[in-house]
Amino acid sequence: MSLVFSEETHRNMLSRIPDCTGREISDWLRAVEEGPALIRFEEKVSWLRSEHNLAYGHAKAIVHEYDLRRAARRLL
């Protein structure tokens with residue numbers, strides 16, 4: 001299974017997360033940042049799913065967005 005959605009699928013998933021979860025993407029990104037110091041992508045996804053009862057696709061999209069933004073900060 002691929003760890004990354006297509007860009008279009010990823011953006012569509014992100015746009016639905018606030019309605020499905022009741023929390024904004026920024027809140028979820030903060031939760032990942034402040035959560036346990038996990039290294040692997042799937043560990044972060046599993047943590048979000050178990051700790052916050054998120055669907056797999058939502059957790060995967062949040063972690064992917066977190067990783068994208070973190071990588072962008074390193075480039076600046």
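Conventions used here
- Residues numbered from 1 in each chain as written.
- Predicted model: local features only at pLDDT ≥ 70, side-chain atom pairs only at ≥ 80, totals over all residues.
- Heavy atoms only, no water.
- Helix = DSSP H or I, 4+ residues; strand = E, 2+ residues; numbered from the N terminus.
- Expected span 1.5 Å × (residues − 1).
- Buried < 20%, exposed > 50% of the residue type's maximum accessible area, 1.4 Å probe, protein only.
- Arc of directions from axis to C-beta.
- Contact = heavy atoms within 4.5 Å.
- Axes fitted to C-alpha atoms, helices over the stretch in contact; angles between N-to-C directions.
- Parallel < 35°, antiparallel > 145°, perpendicular 65-115°, else oblique.
- Left-handed = near helix turned anticlockwise from the far one by under 90°.
- Core = buried A, V, L, I, M, F, W, Y, C linked by side-chain atoms within 4.5 Å.

## Considerations on helix α3 (residues 41-52)
And step 1. Taking 1.5 Å per residue, 12 residues should reach 16 Å; α3 reaches 16 Å between its end C-alpha atoms and fits that length.
And step 2. Within the sequence span of α3, burial applies to Phe41, Lys44, Val45, Trp47 and Leu48. Seen along its axis, α3 keeps its buried residues to an arc of 160°; they face one direction.
And step 3. At its buried positions, α3 is contacted by α2 (25-34) and α4 (56-75).

## Observations regarding the environment of valine 32
And step 1. By the secondary structure assignment, valine 32 is in helix α2.
And step 2. Overall, valine 32 belongs to the buried group, its relative accessible area being 8%.
And step 3. Considered as a pair, valine 32 and leucine 75 are 43 residues apart in the sequence and their alpha carbons are 20 Å apart.
And step 4. Excluding residues within four positions of it along the chain, valine 32 makes contact with Lys44, Trp47, Leu48, Ile62 and Tyr66.

## A look at the packing of helix α1 (residues 7-21) against α4
The description of two helices packed together rests on the angle between their axes and the distance between the axes.
And step 1. Between α1 and α4, the shortest axis-to-axis distance is 9 Å and the interhelical angle comes to 120°. When the axis of α1 is compared with that of α4, the two are oblique. Between α1 and α4 lies a crossing of left-handed hand. On α4, the residues that touch His10, Arg11, Met13, Leu14, Ile17, Cys20 and Thr21 of α1 are Gly57, His58, Ala61, Ile62, His64, Glu65 and Leu68.

## Re the nonpolar core
And step 1. If you look at the biggest cluster of nonpolar residues, it comprises 19 residues, and the most contacted ones within it are Ile17, Trp28, Leu48, Leu54, Ala61 and Ile62.
And step 2. At the level of elements, α1, α2, α3 and α4 are the ones that each hand at least two residues to this core.
And step 3. With sequence-adjacent residues up to four places away left out, leucine 54 is seen in contact with Thr21, Trp28, Leu48, Arg49, Ala59 and Ile62.

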